[in-house]
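Working through the structure, step by step
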Amino acid sequence: MDMTTTYTLNNGYQIPVVGFGTIIPDGPATVTAVKDAIKSGYRLIDTAEIYGNEVSVGQGIREAMAENHLKREDILVSTKAWHSHRGYEQTLQAFNESLAKLGLDYVDIYLIHWPANAKWHEDWRQLNADTWRALEELYRAGKIKAIGVSNFLAHHLEALIADSDIKPMINQLEYHPGFAQTAAAEYAQSQDIQVEAWSPFGGPDSHVLQDETVNAIAAKHGKQPSQVVLRWLIQKQIVPLTKSTSPDHMRDNLTDFDFNLTPAEMKAIDEAPYSGGFQFDPDTARS
Ligand SMILES: NC(=O)c1ccc[n+]([C@@H]2O[C@H](COP(=O)([O-])OP(=O)(O)OC[C@H]3O[C@@H](n4cnc5c(N)ncnc54)[C@H](OP(=O)(O)O)[C@@H]3O)[C@@H](O)[C@H]2O)c1
């Protein structure tokens, strides 16, 4: 396995085993980070309308394509519909706005960013189904290569699968040592839905990289703590989406494929106590 290895989604579309996250301030910082990431070898770029930087992400992608002689189909672009655009019509509109901001003809992956949940929406199930119908239509029209969700727990996914024609291809979850959403991830995997991990290092303060268990295992293997976290995700066949503005970190996060964690090490990381990260609960998070 290396950075060119792909997973095949349940619709046959292939995505890289690692991706690049773009929660980075809009403007030159995002443009430069996206260009550096593509130059380093990342081919899956994850953004969202709520990050407010789709214009800069699009610019970074176009400039990187020109400078590295890449074609549009060499790069996978992923974006997401925010809460304010739930429902069929609103989601179609949100998608078209994202496409225009990115300056693209299609996106590779489009996700519902968070499920409507029962705490904030009496009609949560219908709302998710209506939003999903827009994704299905855009997918059938060829505007999106793969459709999916983010932050969906098992019962959100189960309801959506029952209420719709096309099964999601991806579920993007907060997933890192100290907050492994094992039940949600395993349910998705049992449905042949590819899991992606957001905030694999616990977010901007990268707290998870100080975790004692992770550091002890890293020392044993002569690896960086970041590489142990990424290897733990890869062994679970979960796609890590790391964010970095440092070209050195970007490279480190692409070169951790050549060692194995033992079952005991995997279990120890699974059971690591909370050591940083958002720990948002999709059942109660304001949505
Ligand atoms: N679907 C959702 O609801 C959702 C929510 C949050 C995030 N996401 C996605 O997931 C992506 C990643 O999550 P995130 O941005 O919260 O953070 P993250 O990837 O968990 O961590 C980023 C932090 O780790 C540091 N870092 C990266 N590589 C490192 C390395 N090798 N060694 C040491 N430090 C390193 C970065 O600093 P430097 O910049 O200095 O390297 C940055 O401060 C986002 O950018 C976004 O695309 C999705």
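In case you missed it, the structure is sitting above this.
Residues numbered from 1 in each chain as written. Predicted model: local features only at pLDDT ≥ 70, side-chain atom pairs only at ≥ 80, totals over all residues. Heavy atoms only, no water.

Helix length check: helix 2 (residues 54-68), at 15 residues, gives a terminal C-alpha distance of 21 Å against a target of 21 Å (1.5 Å per residue), a fit within 8%. For helix 2, every residue scored as buried is listed here: Glu54, Ser56, Val57, Gly58, Gly60, Ile61, Ala64 and Met65. Phi turns positive, to about 55°, at His69, one or two residues after helix 2. (Helix = DSSP H or I, 4+ residues; strand = E, 2+ residues; numbered from the N terminus. Expected span 1.5 Å × (residues − 1). Buried < 20%, exposed > 50% of the residue type's maximum accessible area, 1.4 Å probe, protein only.)

Along the chain, the position of Lys236 falls in the loop between helix 8 (225-235) and strand 10 (239-242). Polar side-chain contacts of Lys236 include one of 2.8 Å to the side chain of Asp270. (Polar contact = N/O pair within 3.5 Å; in protein donor to acceptor, adjacent residues only side chain to side chain.)

With that out of the way, let us pick up unusual backbone geometry. Its identity as a non-glycine residue notwithstanding, Ser199 has a phi of 50°, on the positive side. Note on placement: Ser199 falls in the loop between strand 9 (194-198) and helix 7 (212-221). Backbone geometry places Ser206, a non-glycine residue, at a positive phi of 40°. For Ser206, the location among the structural elements is in the loop between strand 9 and helix 7.

Attention now moves to the site of the ligand. Taken together, 29 residues lie around the ligand, and Asp46, Ser199, Pro204, Ser244 and His249 are the ones closest in. Measuring from a nitrogen atom of the ligand, one finds a side-chain N or O atom of Ser150 at 2.9 Å. Phe201 has a polar backbone atom sitting 2.8 Å from an oxygen atom of the ligand. Coverage of the ligand by the protein amounts to 89% of the 910 Å² it exposes when considered alone. Grouping the constituent residues of the shell around the ligand by class yields 9 nonpolar, 17 polar and 3 charged. (Near = heavy atom within 4 Å. Areas by Shrake-Rupley, 256 points an atom, 1.4 Å probe, with all protein chains shown as cover. Nonpolar A, V, L, I, M, F, W, Y, C, P; charged D, E, K, R; others polar.)

This model, assessed by the stated rule, comprises 7 aromatic pairs. Relative to Phe280, the ring of Trp114 has its centre 6.0 Å away and its plane inclined at 75°; by these criteria the two rings are edge-to-face. With Trp114 in the loop between strand 6 (107-112) and helix 4 (124-140) and Phe280 in the segment after helix 10 (263-270), the pair connects residues that are 166 residues apart, well separated along the chain. Phe280 sits in the partly exposed class, given a relative accessible area of 39%. (Phe/Tyr/Trp six-rings, centres within 6.5 Å; stacked < 30°, edge-to-face > 60°.)

Next up on the list: the pairing of strand 8 (residues 170-174). Of all 5 residues in strand 8, 5 are buried; the element is thus mostly enclosed. Judged from the 3 bridges that link them, strand 7 (residues 144-150) and strand 8 form a sheet pairing that is parallel. Within the sheet, the bridge partner assigned to Val149 lies in strand 8 and is Asn171. For the handedness criterion, the β-α-β arrangement of strand 7, helix 5 (residues 154-163) and strand 8 is classed as right-handed. Of the pairings in the sheet, the one linking strand 8 to strand 9 comprises 5 bridges and is parallel in character. Paired with Gln172 across the strands is Glu196, a residue of strand 9. The handedness of the strand 8 to strand 9 crossover, carried by helix 6 (residues 182-190), is right-handed. (Pairing = 2+ DSSP bridges. Right-handed = clockwise from strand over helix to strand, strands pointing away.)

Everything listed here is a matter of geometry and, on its own, says nothing about what the molecule does.
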